[in-house]
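As a plain string of letters, each chain reads:
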There are 2 protein chains.
Amino acid sequence: MHPLDNALELESAGDDSWRGRTLPEWANMVGPFGGITAATLLRAVELHPQRHGQPIALTVNYVAPIADGEFELVTRLVKTNRSNQHWIVELSQDGEVKTTATAVFGLRREGWSDTEIEWPQAQAPEDIEPSVPPFGVVWFDNFDMRFVDGGMPDPAGEPTESASSTTTLWVRNKPSRPMDFAALTAVSDIFYPRVFLRRGHFVPAGTVSISVYFHADDEQLAAQGDGFVLGTARAHRYSGGYFDQSARLFGRGGTLLATSHQFVYFKA
Amino acid sequence: MHPLDNALELESAGDDSWRGRTLPEWANMVGPFGGITAATLLRAVELHPQRHGQPIALTVNYVAPIADGEFELVTRLVKTNRSNQHWIVELSQDGEVKTTATAVFGLRREGWSDTEIEWPQAQAPEDIEPSVPPFGVVWFDNFDMRFVDGGMPDPAGEPTESASSTTTLWVRNKPSRPMDFAALTAVSDIFYPRVFLRRGHFVPAGTVSISVYFHADDEQLAAQGDGFVLGTARAHRYSGGYFDQSARLFGRGGTLLATSHQFVYFKA
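Residues numbered from 1 in each chain as written. Chains lettered and ligands numbered in written order. Predicted model: local features only at pLDDT ≥ 70, side-chain atom pairs only at ≥ 80, totals over all residues. Heavy atoms only, no water.

- Per an unreviewed UniProt entry, the recorded name for chain A is Thioesterase family protein, and the organism is Mycolicibacterium peregrinum.

The structure is reproduced here in structure tokens:
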């Protein structure tokens, strides 16, 4: 099974309750990659028999590190409206909450549409060397990342500060896999902490909250196939031990698939 | 009492529970102004005896319209870590959930800091006429808004489409009032739906989810006093009946006080 689908495999454990487990291949420095956790919480709602429509907006709060092993997911349907639906999801281990999320699902309607931003200028992914993660973060191997700009600092080199916090990269699942909302959720957290780029070296950092807005519908995701997504992210302010970063993910043909925003704890 | 403080006045109704009520002076087209609802949910956590630190990040989901009258707030402390704390808040009326929120509170630490964006070029607020709301939305009267760019379409005039979705304005409470986290939360939702500006006329629209990242600490807010905040907001994509808008709020001297992001339902 594909490593993404493997991680998203949840077993029903009663009404509104699912059981899953961490996988060694998604390990981050502490606990699993935040993007796979976010995708798993979204998947729990997708699996729910009362789910109405597609993902519209998701916010995930990282409460405490997830330990290696099993976890329980509880989904609570707060309300179903005519065109949308509100959920609260919690991930726990041994009765202790590790992650919370709120999700809005809904029906999309035809109507006026427009995109105000263009995708960044970038060489074709085929013309860029796949990136080799500069240290042993296991989950990197589940993605084919090709940095257009703002690659990760080299921990073996001299720290080089950057005036810009922007990273632009091509990314797709490795092995490649068709795009869906769960995969898009994982990719929306693909950008390493912007403070690493600005400071030119690694510092302790961890996301406290991420929000994803799904601009694409399932047809636009299906049209994406298993191709590369072009993503770009930047920060706005670092202060008091927190900074924000905002990301844009474009699909084939320049379709803006999702925007995401997160607030990150750091120590520097 | 100041209209903002009046709205934020909550009465204890047992452990983790508060009672409040809508006020006619904060009325929007349907229910109260979303910004005052967000501020009220934040205030419930601020009032909690177990609250640890200051607001860091807040996400509010608008589940169903709030009716005129009383409401109940329930705060749930999910977890207190060494430096931060996670909350879930719900607003209900007659047992029906109308709004949910997740909030991260925490301690800020000294360290490396930087702001990557500059505040927009703008005339001084004293040189701009205070805006007169073009229709009877009551809550507008609780703010002194001075539009630098991207003012609200005139419903009496011919619809004029705009290529840009950017609004930049000076805003402060009316009557003026010292800035704090609750006031900043309300202001982060001050921007009317960007689709109005693009289309040149009003259409049905309502926020489904808003996230606020608090970049300023309480000292930086206190330094702001009761002065004008310079805010700017724009959209990225409109599709399937939803669009996003992102806002930046700058204080006196160009301090980036908060960034906020929202996803909005619309019909056009």
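Moving on from the coordinates now.
**Looking at the pairing of strand 11 (residues 229–239) of chain B**
Residue and element names in this part refer to chain B.
And then number 1: The buried count for strand 11 comes to 10 of 11 residues, which makes it a mostly enclosed element.
And then number 2: Looking at chain direction, strand 9 (residues 167–173) and strand 11 are connected through five bridges and run antiparallel. From the neighbouring strand, Val 171 faces strand 11, where its bridge partner is Val 229.
And then number 3: Remark: two residues form the turn of the hairpin made by strand 11 and strand 12 (residues 242–250), two consecutive strands paired antiparallel; Gly 240 in that turn has positive phi of roughly 65 degrees. (Buried < 20%, exposed > 50% of the residue type's maximum accessible area, 1.4 Å probe, protein only. Helix = DSSP H or I, 4+ residues; strand = E, 2+ residues; numbered from the N terminus. Pairing = 2+ DSSP bridges.)

**Description of the side chain of His215(A)**
And then number 1: Note that His215(A) resides in the loop between strand 10 (205–214) and helix 5 (218–224).
And then number 2: For His215(A), a relative accessible area of 1% puts it in the buried group.
And then number 3: Here the side chain of His215(A) touches Thr259(A) through a polar contact of 2.8 Å, side chain to side chain.
And then number 4: Other than its neighbours up to four places away in sequence, His215(A) contacts Arg108(A), Gln220(A), Leu256(A), Leu257(A), Ala258(A), Thr259(A), Arg237(B), Ser239(B), Asp244(B) and Phe263(B). (Polar contact = N/O pair within 3.5 Å; in protein donor to acceptor, adjacent residues only side chain to side chain. Contact = heavy atoms within 4.5 Å.)

**Quick look at the relation of the copies chain B and chain A**
And then number 1: Overlaying chain B with chain A gives an RMSD of 0.0 Å, the required rotation being 180 degrees about an axis along which the chain moves by 0.0 Å. Classification of the inter-copy transformation places it as that of a two-fold axis.
And then number 2: By residue overlap, the copies meet face to face through one surface: 100% of the interface positions of chain B are interface positions in chain A. (Least-squares fit on C-alpha atoms with pLDDT ≥ 70 in both.)

**Observations concerning the interface of chain B and chain A**
And then number 1: Listed by partner, the interface residues are 65 residues for chain B and 65 residues for chain A.
And then number 2: Contact between chain B and chain A buries roughly 5,700 Å² in total, counting both sides, with carbon and sulfur atoms accounting for 52%.
And then number 3: When the area that chain B buries against chain A is broken down by residue, the three leading residues are Trp112(B), Glu116(B) and Arg237(B), summing to 16%.
And then number 4: Summed over the shared surface of chain B and chain A, the result is 10 salt bridges.
And then number 5: One salt bridge in this structure joins Arg198(A) and Asp114(B), with 2.8 Å as the shortest N-O distance.
And then number 6: Viewed at the interface, chain A and chain B are joined by 44 residue pairs in polar contact (both at pLDDT 80 or more).
And then number 7: A per-element tally of the side of chain B that touches chain A places strand 13 (residues 256–266) of chain B first, with seven residues. (Buried area = accessible area lost by both parts, 1.4 Å probe. Salt bridge = Lys/Arg side-chain N within 4 Å of Asp/Glu carboxyl O.)

**Notes on helix 2 (residues 34–47) of chain A**
And then number 1: Along its 14 residues, helix 2 of chain A runs 20 Å from first to last C-alpha, staying within 8% of the 20 Å computed at 1.5 Å per residue.
And then number 2: Taken across its 14 residues, helix 2 of chain A has 13 buried, putting it largely inside the fold. (Expected span 1.5 Å × (residues − 1).)

**Considering the UniProt feature "domain: Acyl-CoA thioesterase-like N-terminal HotDog" (unreviewed entry) in chain A**
And then number 1: The positions that UniProt labels "domain: Acyl-CoA thioesterase-like N-terminal HotDog" (unreviewed entry) are, in the present scheme, residues 23–106 of chain A.
And then number 2: The distance from the first to the last C-alpha atom of residues 23–106 of chain A is 30 Å, and the span holds 17% helix and 49% strand. (UniProt positions renumbered as here; feature names shortened; annotations may be inferred.)

**Some thoughts on the environment of Asp16(A)**
Residues and elements named next belong to chain A.
And then number 1: Position of Asp 16 among the secondary structure elements: in the loop between strand 1 (11–12) and strand 2 (17–21).
And then number 2: Residue Asp 16 is classed as partly exposed on the basis of its relative accessible area of 30%.
And then number 3: For the pair formed by Asp 16 and Gln 50, sequence separation is 34 residues and the distance between their alpha carbons is 9.7 Å.
And then number 4: Setting aside residues no more than four positions away along its own chain, Asp 16 makes contact with His 48, Leu 73, Val 74 and Thr 75.

**Some thoughts on the packing of aromatic side chains**
And then number 1: Using the criterion set out here, one finds 38 aromatic pairs over all chains in the structure.
And then number 2: Relative to Phe196(A), the ring of Tyr192(A) lies with its centre 6.1 Å away and its plane at 25 degrees, an arrangement referred to as stacked.
And then number 3: Given the relative accessible area of 9%, Phe196(A) is considered buried.
And then number 4: When the ring of Trp26(B) is compared with that of Phe143(B), the centres are 5.8 Å apart and the planes differ by 75 degrees; the resulting orientation is edge-to-face. Taken together, the residues Trp26(B) in the loop between strand 2 (17–21) and helix 2 (34–47) and Phe143(B) in strand 8 (residues 143–149) connect sequence positions 117 residues apart.
And then number 5: The positively charged end of Arg194(A) is found above the aromatic ring belonging to Tyr192(A), 4.5 Å away from the centroid. (Phe/Tyr/Trp six-rings, centres within 6.5 Å; stacked < 30°, edge-to-face > 60°. Lys NZ or Arg CZ within 6 Å of the ring centre and 35° of its normal.)

**Overview of the pattern of salt bridges**
And then number 1: Applying the stated criterion across every chain yields a total of 22 salt bridges over all chains.
And then number 2: Taking the shortest distance from any N to any O, the salt bridge between Arg177(A) and Asp5(A) comes out at 2.8 Å. Of this pair, Arg177(A) sits in the loop between strand 9 (167–173) and helix 3 (181–187) while Asp5(A) is found in helix 1 (residues 3–8), placing the two residues 172 residues apart along the sequence.
And then number 3: Overall, Asp5(A) belongs to the partly exposed group, its relative accessible area being 25%.
And then number 4: Linking Glu116(A) and Arg198(B) is a salt bridge whose minimum nitrogen-to-oxygen distance equals 2.9 Å. Highlighted residues: Glu116(A) in the loop between strand 7 (114–115) and strand 8 (143–149) and Arg198(B) in helix 4 (residues 194–199), drawn from two different chains.
And then number 5: You can call Arg198(B) buried: its relative accessible area is 9%.
And then number 6: Several salt bridges converge on common partners, so that one network encompasses Asp5(A), Arg43(A), Glu46(A), Arg177(A) and Asp180(A).

**Regarding the environment of Asn84(A)**
And then number 1: You can see Asn84(A) is positioned in strand 5 (residues 84–93).
And then number 2: Taking the C-alpha atoms as reference points, Asn84(A) and Thr115(A), separated by 31 residues in sequence, lie 23 Å from one another.

**Comments concerning the side chain of Gln85(A)**
All names here are of chain A.
And then number 1: Residue placement: Gln 85 occurs in strand 5.
And then number 2: Within the structure, the side chain of Gln 85 is placed 2.8 Å from the backbone nitrogen of His 52, a separation counted as a polar contact.
And then number 3: In this structure Gln 85 touches Gln 50, Arg 51, His 52, Leu 77, Lys 79, Thr 80, Ala 103, Val 104 and Phe 105, once residues within four positions along its chain are discounted.

**What to know about the confidence of the model for chain A**
And then number 1: Of the residues in chain A, 99% reach a pLDDT of 70 or more, and the chain-wide mean stands at 96.
And then number 2: Taken together, the chains of this predicted complex give a pTM of 0.98 and an interface ipTM of 0.97. (pLDDT = per-residue confidence, 0-100.)

**Some details on the pairing of strand 9 of chain A**
Residue and element names in this part refer to chain A.
And then number 1: Most of strand 9 is tucked away, with six of its seven residues classed as buried.
And then number 2: In this sheet, strand 9 lies alongside strand 8 in antiparallel orientation, the contact comprising six bridges. Residue pairing across strands places Phe 143 opposite Asn 173, the latter belonging to strand 9.

**Remarks on unusual backbone geometry**
In terms of backbone geometry, most residues other than glycine have negative phi values and most peptide bonds are trans.
And then number 1: In this structure, Pro175(A) follows Lys174(A) across a cis peptide bond, with omega equal to -10 degrees.
And then number 2: Positive phi, close to 65 degrees, is recorded for Asp16(B), a residue that is not glycine.
And then number 3: Unusually for a residue other than glycine, Asp94(B) sits at a positive phi of about 50 degrees.
And then number 4: As for its placement among the helices and strands, Asp94(B) is situated in the loop between strand 5 (84–93) and strand 6 (96–106).

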